[in-house]
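# Descriptive structure summary
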Amino acid sequence: MQHVGIIRNGAGLRQAISWFDEELDSLDFSFTRSYPEQQRRRILMLRLGKLIASAAIHRCESRGAHYRSDFPQTSHQWEKQKVTHVLRGVLA
């Protein structure tokens, strides 16, 4: 997906999210368990791609190797902040 690479911008990210939505909407999830492994992996990759694009569109800055051409500066707002998640009692 060309819009979710190292160099990104809001318009491209919105286009990518729309594409992921269209791809996911075209699938019938009522038979997911009977899908072959390759199809299940595709679904997971589409969901992950949408998650990455959705997170990137909310970050209105460039940070490290992830460059937003529409927001080339680094914001100090996120410094020293950590995001943690506990899944089934395990810190992830």
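Up top is the structure.
These remarks concern the structure in this document. Bear in mind the structure is a predicted one, so any value in this text is a computation, not a measurement. Counting restarts for each chain, with residues numbered from 1 along the sequence as it is written. With pLDDT at 70 or above as the cut-off, local features in this predicted model cover only qualifying residues; side-chain atom pairs require 80 or more to be listed or tallied, and sums for whole chains, interfaces and linings still use all residues. Note: side-chain values were computed over all heavy atoms of the structure, leaving out hydrogens and water.

### What about the environment of Arg47?
Cut-off, in case you're wondering: Where helices and strands are cited, they refer to DSSP runs of H or I of at least four residues and of E of at least two residues respectively, numbered from the N terminus.
With respect to the helices and strands, Arg47 occurs in helix H2 (residues 37–58). Residues Arg47 and Asp21, spaced 26 residues apart in sequence, show a C-alpha to C-alpha distance of 8.9 Å.

### A few points about the pattern of salt bridges
Our working definition: The rule for a salt bridge is simple: a side-chain nitrogen of Lys or Arg has to be within 4 Å of a carboxyl oxygen of Asp or Glu. Throughout this description, buried means an accessible area under 20% of the type-specific maximum (1.4 Å probe, protein chains only), exposed means over 50%, and partly exposed covers the range between.
Per the counting criterion, the structure on display carries six salt bridges. Note that Asp21 is salt-bridged to Lys50, the shortest N-O span being 2.5 Å. In this pair, Asp21 is assigned in helix H1 (residues 10–25) and Lys50 in helix H2, connecting sequence segments 29 residues apart. Accessibility expressed as a relative area gives 26% for Asp21, which makes it partly exposed. In this structure, the salt-bridge partner of Glu37 is Arg40, at a minimum N-O distance of 2.6 Å. With a gap of three residues between them, Glu37 and Arg40 both fall in helix H2, about one helical turn apart. Sharing partners across several salt bridges, the network here consists of Glu37, Arg40 and Arg41.

### A short note on the nonpolar core
Just so we agree on the cut-off: Nine residue types can take part in a nonpolar core, namely buried Ala, Val, Leu, Ile, Met, Phe, Trp, Tyr and Cys, and a core is a set of them joined through side-chain atoms within 4.5 Å. Any two residues having at least one pair of non-hydrogen atoms within 4.5 Å are treated as being in contact.
By size, the foremost hydrophobic cluster in this structure holds 13 residues, and its most contacted members are Val4, Leu13, Phe20, Leu27, Leu46 and Ala53. Only H1 and H2 provide two or more residues apiece to this core. In this view, Leu27 contacts Tyr35, Gln39, Arg42, Ile43 and Leu46; residues no more than four positions away in its chain are not counted.

### What to know about H2
Given 3.6 residues per helical turn, the α-helix brings residues three or four places apart onto the same face. Let me state the cut-off plainly: Any helix carries an expected span of 1.5 Å times its number of residues minus one. What the arc describes is the spread of directions from the helix axis to the C-beta atoms.
Here H2 contains 22 residues, and its C-alpha end-to-end distance of 32 Å stays within 8% of the 32 Å for a straight helix at 1.5 Å per residue. Among all positions in H2, only Ile43, Leu46, Gly49, Ala53, Ala56 and Ile57 are buried. Taken end-on, H2 shows its buried residues confined to a sector of 160 degrees, consistent with a single buried face. Exposed side of H2, more than 90 degrees from the buried face: Arg41, Leu44, Leu51 and His58 are the residues found there. Against the buried residues of H2 lie strand E1 (7–8), H1 and strand E2 (67–68).

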